Amino acid sequence: GNSVTQMEGPVTLSEEAFLTINCTYTATGYPSLFWYVQYPGEGLQLLLKATKADDKGSNKGFEATYRKETTSFHLEKGSVQVSDSAVYFCALIPASGGYNKLIFGAGTRLAVHP
Amino acid sequence: KAGVTQTPRYLIKTRGQQVTLSCSPISGHRSVSWYQQTPGQGLQFLFEYFSETQRNKGNFPGRFSGRQFSNSRSEMNVSTLELGDSALYLCASSPLWTGSNTEAFFGQGTRLTVV
């Protein structure tokens, strides 16, 4: 079946540190891949997406590259800020019959300290 | 443009009761999906509706049901509530037939507590 595995948190960093959150997936074909972010007390917001192999999604300094050979979509940011503290979810929509069904990873909580 | 609106925001119910949650999608969006978020199970897909038709259903018991109206507003119902149904229920709307290359817009959720 389709599934997403992401690194367990919490991840604790100092401001301006480099961030990597690992995400791997299991799916047939070429699913679409997403990173969503959830700030405290809020719903989820799309951070970035990629729809085919080797695509790089980017937004607000965050980047992730769709790697078919390693079935991965790792999230990176060169210099985190306190305001980036949130829970990050990796997700996919299956290539076939997925419609608008998002399959999420468990989420990784990021805490950034000044 | 108004976002996705979920009502009520908070709800406390007793075991055995039933509950109905409401979701108003962004104007023009015809797809509405529901998710359950708990600390133990994370975010789990419940069901998705497009133009009043259920297209996908997650692995939940029949106590969980939903529907979509002709104006795209959606409701989900949980009957015979159990303590384990305590969760944040999130609704998302999407503008297209498939979400493979677009964004799902989420509401702030309804926090259901079953006592």
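Throughout what follows, the structure given in this document is the object of discussion.

## Considerations on the packing of aromatic side chains
Considering all chains together, one arrives at 12 aromatic pairs over all chains under this definition. Relative to Phe104 of chain A, the ring of Phe89 of chain A lies with its centre 6.0 Å away and its plane at 80°, an arrangement referred to as edge-to-face. A residue pair is termed long-range when its members are at least 10 positions apart, and Phe89 of chain A in strand S10 (residues 86-93) and Phe104 of chain A in strand S11 (residues 103-104) qualify at 15 residues. Both rings, one in Tyr35 of chain B and one in Phe106 of chain B, keep their centres 5.8 Å apart while their planes meet at 45°; by these two values the pair is tilted. With Tyr35 of chain B in strand S4 (residues 31-38) and Phe106 of chain B in strand S10 (residues 105-106), this residue pair connects regions lying 71 residues apart in the sequence. By way of ring pairs, the aromatic residues Phe34, Tyr36, Phe89 and Phe104 of chain A together with Tyr35, Phe45 and Phe106 of chain B are connected into one cluster. The cationic tip of Lys68 of chain A hangs over the ring face of Tyr30 of chain A; the distance from NZ or CZ to the ring centre is 4.5 Å.

## Side note on the nonpolar core
Residues and elements named next belong to chain A. Of all hydrophobic cores here, the largest spans 26 residues; its most connected members are Leu19, Trp35, Leu48, Phe73, Leu75 and Tyr88. When contributions to this core are tallied by element, the ones reaching two or more residues are strand S2 (11-14), strand S3 (19-21), strand S4 (23-26), strand S5 (32-38), strand S6 (44-50), strand S8 (62-65), S10 and strand S12 (108-113). When residues in this core are grouped by element, the largest group, four residues, is from S10. When neighbours within four sequence positions are excluded, Leu48 is seen to be in contact with Leu33, Phe34, Trp35, Gly57, Ser58, Asn59, Phe62, Glu63, Ala64, Phe73 and Leu75.

## Digging into the sheet that holds S8 of chain A
Residue and element names in this part refer to chain A. Within the open sheet, the four strands sit side by side as S3-S9-S8-S7. Their pairing is antiparallel. Looking along the sheet, the strands with just one partner apiece sit at the ends: S3 and strand S7 (56-59). Taking each pair of neighbouring strands and ignoring which way they run, the sheet shows an average axis angle of 15°. Looking at chain direction, S3 and strand S9 (residues 75-77) are connected through three bridges and run antiparallel. Considered in S9, the bridge of Leu19 is made with Lys77.

What counts and how
Residues numbered from 1 in each chain as written. Chains lettered and ligands numbered in written order. Predicted model: local features only at pLDDT ≥ 70, side-chain atom pairs only at ≥ 80, totals over all residues. Heavy atoms only, no water. Phe/Tyr/Trp six-rings, centres within 6.5 Å; stacked < 30°, edge-to-face > 60°. Helix = DSSP H or I, 4+ residues; strand = E, 2+ residues; numbered from the N terminus. Lys NZ or Arg CZ within 6 Å of the ring centre and 35° of its normal. Core = buried A, V, L, I, M, F, W, Y, C linked by side-chain atoms within 4.5 Å. Buried < 20%, exposed > 50% of the residue type's maximum accessible area, 1.4 Å probe, protein only. Contact = heavy atoms within 4.5 Å. Pairing = 2+ DSSP bridges. Axes fitted to C-alpha atoms, helices over the stretch in contact; angles between N-to-C directions.

These figures capture arrangement, not role.
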